[in-house]
Each structure stands twice: as C-alpha cells, then as structure tokens.
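As a plain string of letters, each chain reads:
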2 protein chains.
Amino acid sequence: MKGRIRPDFFFSPGSVAVVGASPVKGKISNVILESLKDSGFKGAVYPVNPRHDRINGLECVPSLNDIRGGVDIAVFAVPASSTPGLIREAKGKLRGAVIISGGFAEAGGAGEALERELKELAGPVRIIGPNCMGIYDTVSKVDTFFIPAERIKRPGPGGLSIISQSGSFAVTAMDELAAEGIGVARVISYGNKADVNEADCLDMLERDAHTTAVAVYIESIDDGRRFVKSASAVSAKKPVMAIKVGKTEASAVAARLHTGAMAGRYEFYKAAFKKAGVIELNGYEDFLSACKAFGAGLAHARGNRVMIITDGGGMGVAIADECAKAGLTAPPLDAMLEKSLRRIFPPYFAAGNPIDLTGSATDETFASSLEMTMSGDGYDMAIVAALWGPPALTDKLPEMLAKKAAVFKKPVLICSPGGEYTRARVKLFSRHGLPVFPAPEGAVRAAGMLAKYARRTR
Amino acid sequence: MKGRIRPDFFFSPGSVAVVGASPVKGKISNVILESLKDSGFKGAVYPVNPRHDRINGLECVPSLNDIRGGVDIAVFAVPASSTPGLIREAKGKLRGAVIISGGFAEAGGAGEALERELKELAGPVRIIGPNCMGIYDTVSKVDTFFIPAERIKRPGPGGLSIISQSGSFAVTAMDELAAEGIGVARVISYGNKADVNEADCLDMLERDAHTTAVAVYIESIDDGRRFVKSASAVSAKKPVMAIKVGKTEASAVAARLHTGAMAGRYEFYKAAFKKAGVIELNGYEDFLSACKAFGAGLAHARGNRVMIITDGGGMGVAIADECAKAGLTAPPLDAMLEKSLRRIFPPYFAAGNPIDLTGSATDETFASSLEMTMSGDGYDMAIVAALWGPPALTDKLPEMLAKKAAVFKKPVLICSPGGEYTRARVKLFSRHGLPVFPAPEGAVRAAGMLAKYARRTR
C-alpha cells in the first residue's frame, strides 16, 4: 500500500466531476448529476463532455484536464474500454475515480486486461470500482448511486455505514432502511475493487467519527490477513457485522460472474470473521435485521436476557422458541415482579415471560409492562410484539413505548406482523427510534446480534 | 368419538346466533354481528339478549330456546362462568357452539372446572374453543373473528385452509395474506379445544372439496395416534404443513399459559409430522411462506431444480446460497441454452444460473429469460428476484411473467426486496397470481416446501 494516498478524501470531496455526462434524463450520468443536486452536495460539480456547453444547468468542461486546480472525485460512466485512457490523461488532476461501468474482470477476456490497466494506474489516483454504484454519503452529501430516488429512496443521516461488493444489495438495503426511517452515514459499493477494497473501506470507517456501526457484504476477500487486521481495529471501537455470499461451489461461480470474485472456501471467511470480532450475518434478512438493530441508535445491550411482551399469545410462544435458537434466554418473572404485575392486570392476562396482554391490551398495559419489567436488573432487552387487532390500541402506543425505553436505556425491539393497518403503523415506531421487524424471526435475529455484541464488549 | 355428530356442519350452517349480543359498537359480540353482515352470510342471524329487542337492525331473541327450529351455530362471547349453563339450557336446540371467551383451562383453578363442564356437554353439541377466534370461511361466509375488518383485513376466496390453536397467529396470517391477494377457504381458530381438536379439523378438511392445501399451527396434540391417522389421510390428498410452537421448556410454559396446552416433547411432534407426511414449518416466516406458496394456486413442482433470474447480481448469489441450505439445486445452464441466451443478451448480462440481467434489465429480457429456461426439462421452478431500480422496468413486468408461467405450468416465485416503490409493486404480482416474498430467504423457503411436496407425490 506504500506510496498510495489514504482514500479518506472520498468522504469529504470539495469537487466532483461526472465524466461522459449526458443531458438525456434517465441516463446514468444524468441521474448522478441530478442526485448530486438533490442530495445537497455543496462542492463544485463538473459535467465532463466535449460535445456540450451546459448540462442540467451546469457548465460543461471538455475534459478533466480543463478543470482548473483539478478535481477530487471523477465519476466514470463511460464504456470500460475508454476508462483507463481517460484516467491516464487526467494524471495529476485527479485524486479519486469512481468507476460505475461494468465490462471489466467480471466479463472475462478483454475486460480482464482493462482491469489490470486500472490496477496499474492506482496509486497516485485511488479508484473505487469498477462495476459498482460508488458512494452514498449523508455527511459529505455525495451520491453516485445512479438509480433515481423515485425508485430507490435514500436514507437520512445516521450512524450506520455499509460497505458492499454488490451494488444491488447495498441499494436494496438502503431503500428498505429509508422506508423504515433508519439513517446511514456512508455507503460504499466497491464492486470489482481494482484498488480500494474491503480492508481500505474498513480503515476509513475506523477513522470516521460519523460511523457508529458497520455492515459489510462480501463475495471475496483478497488479503485475509489484512482484512482481519482492519476489521479487528474497527470492531474494537464499534460493532462490525458481515455477510459472506457465494458459500457453495455453485454460488461461488455466480459471484465470479458478478464481480469477478474468486470466492474461496467459506470456512476461511467464517474463521476470519471470528478472529476479527465480526458478527457473522447469514443471508439478506440477517443483513437487514443487523442494519436495523445497529442503525436505529439503540442503547447497547449488556447481556442476552430478553423480556417478551405481546398481545398475541401464539406470537409470544413463537418468539420464545426463536430466542432459544438465537442463544437468548427469556427468564421467568421473579416472584415480586409477577405479584406487582398481577396487581394491575385483569386475571386473564398472562403474567409470565412472555407477558400476554391478550385482545384486551391497551397502550397503558403495554407501557407499564415494559416499564415494570425493564427498569430492574432482570432483563437486558425487550421484544414487544404488538399486534394491532385489539380495539383499545391507539397510534399513541409507539411514542409511549419509546418514552419508557428512553428512561431505562436498554434496547426495545418491535415485532409487528400483519397487513395494511399494521404496516402503516411501522412508521410510527421508527419515527420514535424503535426498530420494527415484520416477523418474530427478524426481531429475535436482531436481539441475538445485540447480545453477541454485548458479549464482545463485556 | 362415538355418538358425536360430525362437526362438518360448521362449514355450512343455515343459521348463526350470537349469545350475549351487544348494541355497543366495538364490543366483541357487536363486531361479530357486523362481520356476519359484511361477509355476506346468507343464513339467519340471531342476536341473543333478553334486554334488547333489536341489535344492528336484527330482531333479538331472549334466549337460544326462543329460536324456532333451533340454530346451527351459536357464538358465545359471554363470561366463562355462565357459558356451560347457557349451552346446557339450549340442549336439543343447538348443533354447534363457538366459544370465544377465555377464562377456562388456560386460567387455571375455577377455569379448569368450567372447561371440564364443557367437555361433558360435548357430544350432542359440538364445541369449537373456548378461548378462540372461531371460524372465518369464504365458502359459507361465516366470520366469527371478532377483530374489525378495518384493523384485520379478510382474505378473499382461495384453496388454502388454516387451522390454529392460536387466534392471533391465524388472524395475523390472514391479514398478511389479504394484503398480498392470497385467498383462503376455511380458517378455524380452535383455542383450548374442549371438544373439536386438530384431528377433527383435519378430518373436516380432508372431506372438504374447497380446500386444496392445509396449514396448521399447533401448541399441543392430545392424541398423537389419531393426529397421525387424520393428517396422513389429508396429506395423501393435498399438501399439509404444520408448525409446532412451544418447543423448549420455557416456551412450553408460555403455551400452557396461552391455551392450557401440555406441549410435551418436541421430538414426538417432529416424528409425528414425518410419519403423517406433514411438511414441518419452523417459525412464523416459514408459516407465512407456506401459506403463500400453497395458497397462490401455483402449479405443483415436479422436483427441486431451481432457475434463478435476477437483475441484482448480489441478490442472485444470496439466493443461490439459500437454495443450497433448503435442499434445492440451481443447476448450471446447459450449453445449448447458454448459447441461445447469449444470442439475445448484451455481453454484460451473466448467462448462468443465476441469470443476471443487471441494471439494464427490461420487462422483455426478464420474460424471455423465464420462457427460455423454463419451457424445457432442465428446471422445476423459477425464483425471479426483480429489483425495481433498473429504469427500463415497467409495471407490465408482473403480467408478462405470469403469462409465461401459465404456459409452462411450473411454479414461479417472486423475490422483491426494497422500499416504497418496490412494496407498491407487490400487488401487481399477486394480482396475476404470482406470490411475492420480501427477501431471498422467504422465496427459497417457499421453493423448498414445493420441492418437499414434489418428493412426496412423486
């Protein structure tokens, strides 16, 4: 890595150029120009195209060399074959390149040679990509994700950062998080990683004060030792979760076609994650649960003891089953607590763990159950499975629960399965900082990760 | 079971009485009267209450005995303590009772004695419940589920029937299915099962021509041998899936508090399911996936070979990983097929399994990929992971895929993770009979169940 400048400037560029900028709405380069405007990026933006004077109201420059004083980041959305040449020409004028275009190593043949060219250019210029979405950053306001916001919503500011070899994985997670009010700090889709790789990204995020948790999607790691070193440094400071895809021979072939990745044996990844203190995620649902659990800015858990509060008995039992699978315990109420609860409960409420408030549940019985069980030392976190059938439940419930949670500073996870009425209530919970999971499994997976992180930091 | 009339009349009552009917909107008995009107039940409906002349525009009778010619089903939403007496009084006038009220065995003490009374009454009167939601039936139009349709939507007609010891589980699944356009035939929430139990329900569904698939939620089985006999008879005719909750000691305690169930060892249930040809479901997500897979009226699969088509490379690799876990294979394209696809694809599409249509995907490339791979003998079903980012994709995609699927008569499952724009597209798929899963795991779980059923019927 000697002689290479640190890629941290990607998080705070003063200027961004879009090479091959097109005035045609919907074209990748045009969407990027739109995104840079919509996201509120305050630096200079340069469309680069010798055939136009102005694009989207911005003055065009014929080439990168025509930008006086150079440019921090140039985004390339031009054919693979012309990209290395353009970077070479801009030598000395350019700190970083984000190469969106595919057609490199993942395409084989001539593409492999082009990617080798990129690797040789890297050093004085740092390169993200090729075959990637680039950067979405709520701190610097850079947004090179080339899908219109109408189709893929951008999350607001938050502490979670995502680094991903797959653009679609990152962008889909972003869209889901945005829909549920969970914010992010930095998202980097690094694709074929001709230069900047997962370890570089981890180093950047270790140094980044805006990032409080990191989620990683990996198809392949080039240098296992360096990954463990970088991941360990981050995980000593903040939670790091990672999913490795392409676990089987068949799916590893798919990964190679996807980002040119040589996946290698899954067992090595598993061992590397463990050594580096990285919480392993299994599948997309796990990835999303992790993003929600650590992105919602919950208090950290101190252990694995879960209190389950519900108004749907069967759902409570199902959650208890899942807890056992996820290495969580759901200890019974102690005698004192049970007595206090029975005093305020009608006889047909179940005062156990789960607490079952039945179809007669009210906002108040939910809130007081949460307060009474969580304010003592018996439980480390709560899963509240609020089914919206009971007629007495109102839209005030989410705020009431959030207020209680703020007092005892322990994670409260919401499980809220159901159809239209229920799905419309998800926003109420997330507006008050409580992450919502559409099924018991998701909430329990998230609780399991919080408990794993508690074990690491204890 | 001798001397007991078959409970099948619960599926085709000519008349329904609501005992303890209240004119107060929102009260359980009033919601049930509303539901019976909204659902379009064509038989006679009798509110029973000596203190009123009319309720909701219907003539009230003072007691069940005042109904000339008797009544097929009486729904009881009165305190537990008065229920056995009311049933006793109506002797000879009543074929079936649905007892909504709790406060029986699950409450312990006096409740246990009341439940014994119910058991003694059962025989000339068949009883569903107590502590249950009763029946939701799109054939007979009976709806005793006492949650207003504003909060819990009712699914339309379909072939899937659900029997559940837990009301909340059944009602939540119904609400989710309704939101996704999947219909049901009969839903029975049987609660504490003082009389009609899971085996009776299975027998009824075996004989029911409207039911094409059965999903079961179980906390406890009273008579294992009878369950295996009944379940085997159904599974010989149509797919039967079951979830057993209360698997651990702790969660079994919760189940007892919930429906008075003595759960017993999980291993026995596992063995019973296997013996009876029942596909075991693990958790709520599995339950929902099964309901969607078998409720959508898909063609039956003939094997476990899955074709994966996507426009998000990373999502495709993640699906391939999940397939391996679920006992599915994703065989590579044969040389001929690969060549034909390459002929119509641009060079940067991945012609493998998964097929990756990238961000340049169109409705047409999705549809022709599906057609070309599924019309031959190489694959038994397809998972199409349509991410909605690519700008060329339009709202015509679902219909185009459904039309192709109708030709080759193999299951096509949609995986469509994402936020607002994506979630709004779910309805388009379900309107055309294609079940949609919000994450790779759900789609693969569903595919796995279709393959398991294929193995059974081969």
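As a convention, each chain's residues are numbered from 1 in the sequence order in which they are written. Following the order in which they are written, the chains are lettered starting with A and the ligands numbered starting with 1. Only residues with pLDDT of at least 70 are given local features in this predicted model, and only at 80 or more are side-chain atom pairs given and counted; all residues enter the totals for whole chains, interfaces and linings. Only hydrogens and water are set aside when side-chain values are computed; all heavy atoms of the structure are taken into account.

Student: Would you take a moment to explain helix α3 (residues 110-121) of chain B for this structure?
Tutor: Structurally, the α-helix is built with 3.6 residues per turn, so residues lying three or four positions apart point the same way. Residues and elements named next belong to chain B. Here a strand is any run of E in DSSP of at least two residues, a helix any run of H or I of at least four, and the numbering for each starts at the N terminus. Multiply 1.5 Å by the residue count of a helix minus one, and that product is the helix's expected span. In this model α3 runs 17 Å from its N-terminal to its C-terminal C-alpha over 12 residues, within 8% of the 16 Å that 1.5 Å per residue would give. G111, L114, E115, L118 and L121 are the residues of α3 that are buried. Axial view of α3: buried residues confined to an arc of 115°, hence all on one face. Buried residues in α3 make contact with α2 (83-89), β6 (94-99) and β7 (126-128). Phi for G123, located one or two positions after α3, is positive at around 145°. Each residue is placed in one exposure class: buried if its accessible area under a 1.4 Å probe, protein chains only, is under 20% of its type's maximum, exposed if it is over 50%, and partly exposed if it falls in between. Directions are taken from the helix axis to each C-beta atom, and the arc is the one they span. Here, residues are in contact when the closest pair of their heavy atoms is within 4.5 Å.

Student: Just checking my understanding: could you explain the pattern of salt bridges for this structure?
Tutor: Note that side chains of opposite charge can pair when their charged atoms are close. Just to be clear on terms, a salt bridge is a Lys or Arg side-chain nitrogen sitting within 4 Å of an Asp or Glu carboxyl oxygen. Under the criterion given, the structure shown has 60 salt bridges over all chains. Here the salt bridges share partners, and the residues they tie into one network are R4(A), R126(A), D195(A), D200(A), D203(A) and R226(A).

Student: I keep staring at helix α15 (residues 440-457) of chain A and nothing clicks. Help me out?
Tutor: Its 18 residues give α15(A) an end-to-end C-alpha distance of 26 Å, which sits within 8% of 26 Å, the value for a rise of 1.5 Å per residue. Most of α15(A) sits out of view: 13 of its 18 residues are buried.

Student: So what exactly am I meant to see when it comes to the side chain of N353(B) here?
Tutor: Residues and elements named next belong to chain B. Considering the arrangement of structural elements, one finds N353 in the loop between β15 (350-351) and β16 (355-356). A 3.5 Å cut-off defines polar contacts: any pair of N or O atoms within that distance qualifies, except that in protein one atom must be a possible hydrogen donor and the other a possible acceptor, and neighbouring residues in sequence count only when both atoms are side-chain atoms. Within the structure, the side chain of N353 is placed 3.4 Å from the backbone oxygen of A330, a separation counted as a polar contact. Within the structure, N353 has its side chain in polar contact with the backbone oxygen of P331 (distance 2.9 Å). Among residues more than four places away in sequence, those in contact with N353 are V306, M307, I308, A330, P331, P332 and Y379.

Student: What is the right way to look at the relation of the copies chain B and chain A in this model?
Tutor: In this arrangement, two copies of a chain are superimposed by a rotation about an axis accompanied by a shift along the axis. By a simple turn and slide, chain B fits onto chain A: the slide is 0.0 Å along the axis, the RMSD is 0.0 Å, and the turn is 180°. This pairing of chains is accounted for by a two-fold axis. When each C-alpha of chain B is compared by its distance to the rotation axis, P438(B) comes out closest, at 5.1 Å. Most of the interface of chain B is mirrored in chain A, where 98% of its interface residues are also at the interface. A least-squares superposition brings the copies together, and it is based on the C-alpha atoms of residues with pLDDT no lower than 70 in both.

Student: Honestly, the sheet that holds strand β5 (residues 71-76) of chain A in this entry has me stumped. Any pointers?
Tutor: The strands that make up a sheet pair up through hydrogen bonds in the backbone, lying either parallel or antiparallel. All names here are of chain A. Two strands pair if DSSP finds at least two bridges between them. A sheet is described by the order of its strands in space; here five strands give the open sequence β2-β1-β5-β6-β7, paired in parallel fashion. Sheet topology places β2 (44-48) and β7 (126-128) at the edges, where each strand pairs with a single neighbour. Each strand axis lies, on average, 20° off the axis of its neighbour in the sheet, ignoring direction. Note that β5 and strand β6 (residues 94-99) share five bridges and pair parallel. Counted as the bridge partner of A74 is A97 from β6. Between N-to-C directions, angles cover 0 to 180 degrees, with each direction set by a line fitted to C-alpha atoms, over the stretch in contact for helices. Contacts between helix α1 (residues 28-38) and the sheet are confined to β1 (15-19), β2 and β5, with β1 contributing the most and set at about 160° to the helix.

Student: I tried to follow the interface of chain B and chain A on my own but got confused; where do I start?
Tutor: Many analyses report the size of an interface as the accessible area lost when the parts associate. The interface is formed by 66 residues belonging to chain B together with 65 residues belonging to chain A. By buried area we mean how much accessible surface two parts lose on assembly, using a 1.4 Å probe and totalling the loss over both. Taken together, both faces of the contact between chain B and chain A bury some 4,800 Å²; the carbon and sulfur share is 58%. Counting the contacts that link chain B with chain A gives eight salt bridges. With its nearest N and O atoms 3.0 Å apart, the salt bridge here joins R423(B) to E180(A). On the surface where chain B and chain A come into contact, there are 27 residue pairs in polar contact (both at pLDDT 80 or more). Of all the secondary-structure elements, those providing two or more residues to the side of chain B that touches chain A are α4 (167-179), α7 (249-259), α9 (284-295), α10 (313-325), α14 (420-431) and α15 (440-457) of chain B. Each residue is assigned to one class: nonpolar for Ala, Val, Leu, Ile, Met, Phe, Trp, Tyr, Cys and Pro, charged for Asp, Glu, Lys and Arg, and polar for all the others, Gly among them. For the side of chain B that touches chain A, the residue count by class is 27 nonpolar, 19 polar and 20 charged.

Student: So what exactly am I meant to see when it comes to the pairing of β5(A) here?
Tutor: Residues and elements named next belong to chain A. For β5, the tally of buried residues reaches six of six residues, placing the bulk of the element in the interior. Pairing analysis gives four bridges linking β1 to β5, with the strands arranged parallel. The residue bridging V18 from the neighbouring strand is V75, located in β5.

Student: Looking at this structure, how should I read the confidence of the model for chain A?
Tutor: Should pLDDT be low for a region, the predicted coordinates there are not to be read in detail. Confidence in the prediction for chain A averages 94 pLDDT; 96% of positions are at 70 or higher. Confidence metrics for the complex model read pTM 0.93 and ipTM 0.92. Per residue, pLDDT measures the predictor's confidence, with a range of 0 to 100.

Student: Even after reading the chapter, I still don't get the environment of D175(A), so can you show me in this structure?
Tutor: Residues and elements named next belong to chain A. Examined against the element boundaries, D175 turns out to sit in helix α4 (residues 167-179). When its relative accessible area of 1% is taken as the criterion, D175 is described as buried. In this structure the C-alpha to C-alpha distance between D175 and D286, which are 111 residues apart in sequence, comes to 16 Å. Within the structure, the side chain of D175 is placed 3.0 Å from the backbone nitrogen of K153, a separation counted as a polar contact.

Student: Teacher, can you tell me more about the side chain of E219(B) here?
Tutor: Residues and elements named next belong to chain B. Relative to the helices and strands, E219 resides in the loop between β11 (213-218) and α6 (224-235). Although buried, E219 forms no salt bridge, and the nearest oppositely charged side chain, K244, lies 7.6 Å from it. Within polar-contact distance, the side chain of E219 engages the side chain of Y217 at 2.7 Å. Note that His is not counted, nor are the chain ends; the positive residues are Lys and Arg, and the negative ones are Asp and Glu.

Student: It is not clear to me how the packing of aromatic side chains should be interpreted in this structure. Could you clarify?
Tutor: Only rings of Phe, Tyr and Trp enter the pairing, Trp through its six-membered ring, and a pair is recorded when the two centres are within 6.5 Å. The plane angle decides the type: under 30 degrees is stacked, over 60 is edge-to-face, the rest tilted. Using the criterion set out here, one finds 20 aromatic pairs over all chains in the structure. Taken together, a centroid distance of 6.0 Å and an interplanar angle of 85° make the contact between F294(B) and Y453(B) edge-to-face. With a gap of 159 residues between them, F294(B) in helix α9 and Y453(B) in helix α15 connect regions that are remote in the sequence. Summarising the burial analysis for this pair, F294(B) and Y453(B) share the class buried. Joined through ring pairs, the aromatic side chains of F169(A), Y217(A), Y284(A) and F287(A) make up one cluster. One cation-aromatic arrangement involves R265(A) over F268(A); the distance from NZ or CZ to the ring centre is 5.4 Å. In this scheme, Lys NZ or Arg CZ marks a charge over a ring once it lies within 6 Å of the ring centre and within 35 degrees of the ring normal. Residue placement shows R425(B) over the ring face of W388(B); its charged tip is 5.8 Å from the ring centre.

Student: I'm lost on the sheet that holds strand β11 (residues 213-218) of chain A in this one. Help?
Tutor: Residues and elements named next belong to chain A. On the basis of which strands lie adjacent, the open sheet formed by six strands has the order β8-β10-β9-β11-β12-β13 and mixed pairing. Lying at the two open borders of the sheet, with one neighbouring strand each, are β8 (134-137) and β13 (279-281). Across this sheet, the average inter-strand angle for adjacent strands is 20°, counted without regard to direction. As judged from the five bridges shared by strand β9 (residues 157-164) and strand β10 (residues 184-189), these two strands associate in the parallel manner. Following the sheet pairing, S164 is matched in β10 by S189. Sitting on the sheet, helix α8 (residues 266-275) is in contact with β11, β12 (240-244) and β13, with an inclination near 175° to β12.

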